[in-house]
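# Structural features, examined
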Amino acid sequence: MRDGAVVNLFAASPAAQRRPRVSVVIPTYNEAKNLPHVFGLLPEDVHQVIVVDGHSVDGTIEVAQALRPDVTIVRQNRRGKGNAMACGFAAVTGDVVVMLDADGSADPREIARYVDALLDGADFAKGSRFIAGGGSDDITPMRAWGNRWLNRIVNVLYGTRYTDLCYGYNAFWSYCLPSLELEVADRGRTEKLWGDGFEIETIINTRVAKAGMRITEVPSFEFERIFGQSNLNTWRDGFRVLRALLVERFNGKGAVIDRRSPVSIVPAQAIRPAQALANVQSA
Ligand SMILES: Nc1nc2c(ncn2[C@@H]2O[C@H](COP(=O)(O)OP(=O)(O)OP(=O)(O)O)[C@@H](O)[C@H]2O)c(=O)[nH]1
Ligand SMILES: [Mg+2]
């Protein structure tokens, strides 16, 4: 069910007394028509909404600013969803980071569910379409088949028990950011580099496992994109995911988690935020 009232994140939460500040990171590539729907369903009490734009030409940034004057706009420095997420993470000021797509597939009202999982003790709350309470209107049989195999591989290689490797709706405490070791430095390049594409979710999911994080899966329902077209190519991006599973097994990335890091994040050295922050523009 797509329509309905906006939720208040903490109204029904038993942990109402502990109110983490939630930063929502939304990657956008030509999503102007979808933003009214997505923004309209965001919980009223989110701390920060970060739109990371990838050179949209449909007025996405202007629409975001008109809908929400307090939005933080980040212009990504290279290309691809992975680079967008890394740039967005570098601008986070909250205690909790939520990764939310802008195409209407992910329901912002589920954010409360993710935050509850974190308050219940998880470091990383991973969305899954394939556990009780989850589902999808969007996934094709071919992609579901590919996802199943990639899932088996990740669970064998990393000792995880994931049910939905290739899903982009996740949330985590901002003290996890250093362990992700994502890089936004330019290195003088503007084209898409390794890690900048849709393999980002696999890179994050494997690094949080390597870092020894407490991971909880949260049921999530994926709707069809409302307007526009998918940027994902099943075979090309499927092979990038497979490659990421192999590369990540041996590259030593995924620093051991330090839960003593201040919860209010100062982006870690490993994230090297200089370039992304230079691109940050608060409306
Ligand atoms: N900033 C930025 N955002 C991107 C880029 N590519 C995709 N996105 C955004 O990332 C989110 C997911 O992209 P989609 O194209 O919907 O891909 P998907 O959801 O993985 O695949 P589908 O299930 O086919 O929709 C959307 O909000 C896109 O606008 C990019 O290169 N830069
Ligand atoms: Mg999508």
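Up top you'll find the structure we're talking about.
Presented here is a report on the structure given in the accompanying data block. (Residues numbered from 1 in each chain as written. Chains lettered and ligands numbered in written order. Predicted model: local features only at pLDDT ≥ 70, side-chain atom pairs only at ≥ 80, totals over all residues. Heavy atoms only, no water.)

### Some thoughts on the overall build of the protein
For the protein, the helix and strand inventory stands at nine helices and ten strands. When each of the 283 residues of the protein is scored for burial, the buried share is 52%. By sequence separation, contacts in the protein at least 24 residues apart represent 84% of the contacts at least 6 residues apart. Roughly 12300 Å² of accessible area belongs to the protein as shown, and the carbon and sulfur atoms make up 55% of that amount. (Helix = DSSP H or I, 4+ residues; strand = E, 2+ residues; numbered from the N terminus. Buried < 20%, exposed > 50% of the residue type's maximum accessible area, 1.4 Å probe, protein only. Contact = heavy atoms within 4.5 Å. Areas by Shrake-Rupley, 256 points an atom, 1.4 Å probe, with all protein chains shown as cover.)

### With respect to the pattern of salt bridges
Taken as a whole, this structure holds 17 salt bridges when the rule is applied. Here Asp-101 ties to Lys-81 by a salt bridge, and the two come within 3.0 Å at their closest N and O atoms. Of this pair, Asp-101 sits in the loop between strand 4 (96-99) and helix 4 (111-119) while Lys-81 sits in helix 3 (residues 81-89), and the two are 20 residues apart along the sequence. The partly exposed category is assigned to Asp-101, whose relative accessible area is 23%. Here Lys-81 ties to Glu-201 by a salt bridge, and the two come within 2.7 Å at their closest N and O atoms. Separated by 120 residues along the polypeptide, Lys-81 in helix 3 and Glu-201 in helix 7 (residues 200-210) bring together distant segments of the chain. Side by side, Lys-81 and Glu-201 carry an identical accessibility label, which is buried. (Salt bridge = Lys/Arg side-chain N within 4 Å of Asp/Glu carboxyl O.)

### Some thoughts on the side chain of Ser-56
Tracing the sequence through the fold places Ser-56 in the loop between strand 2 (48-53) and helix 2 (60-67). There is a polar contact of 2.6 Å between the side chain of Ser-56 and the side chain of Asp-53. In this structure Ser-56 touches Thr-28, Tyr-29 and Asn-30, once residues within four positions along its chain are discounted. (Polar contact = N/O pair within 3.5 Å; in protein donor to acceptor, adjacent residues only side chain to side chain.)

### Here's the deal with a nonpolar patch on the surface
Taken together, Met-142, Trp-145, Trp-149, Trp-235 and Phe-239 make up a surface patch of nonpolar side chains, about 600 Å² in accessible area. Elements that contribute at least two residues to the nonpolar patch include exactly helix 5 (141-158) and helix 8 (234-250). The element contributing the most residues to the nonpolar patch is helix 5, with three residues. Tracing the sequence through the fold places Phe-239 in helix 8. (Patch = residues over 30% accessible without salt bridge, like charges linked within 9 Å, V, L, I, M, F, W, Y side chains within 5 Å.)

### Let's talk about the pairing of strand 1 (residues 22-28)
Within strand 1, seven of the seven residues are buried, leaving the element largely enclosed by the surrounding structure. Alternating residues of strand 1 divide into Val-22, Val-24, Ile-26 and Thr-28 and Ser-23, Val-25 and Pro-27, and every residue in both groups is buried. Where strand 1 meets strand 4, four bridges bridge the pair, whose relative direction is parallel. By the bridge assignment, Ser-23 is partnered in strand 4 with Val-97. When strand 1 meets strand 2, the two strands line up parallel, connected through six bridges. Bridged to Ile-26 within strand 2 is Val-51. Considered for its hand, the β-α-β crossover made up of strand 1, helix 1 (residues 35-40) and strand 2 is right-handed. (Pairing = 2+ DSSP bridges. Right-handed = clockwise from strand over helix to strand, strands pointing away.)

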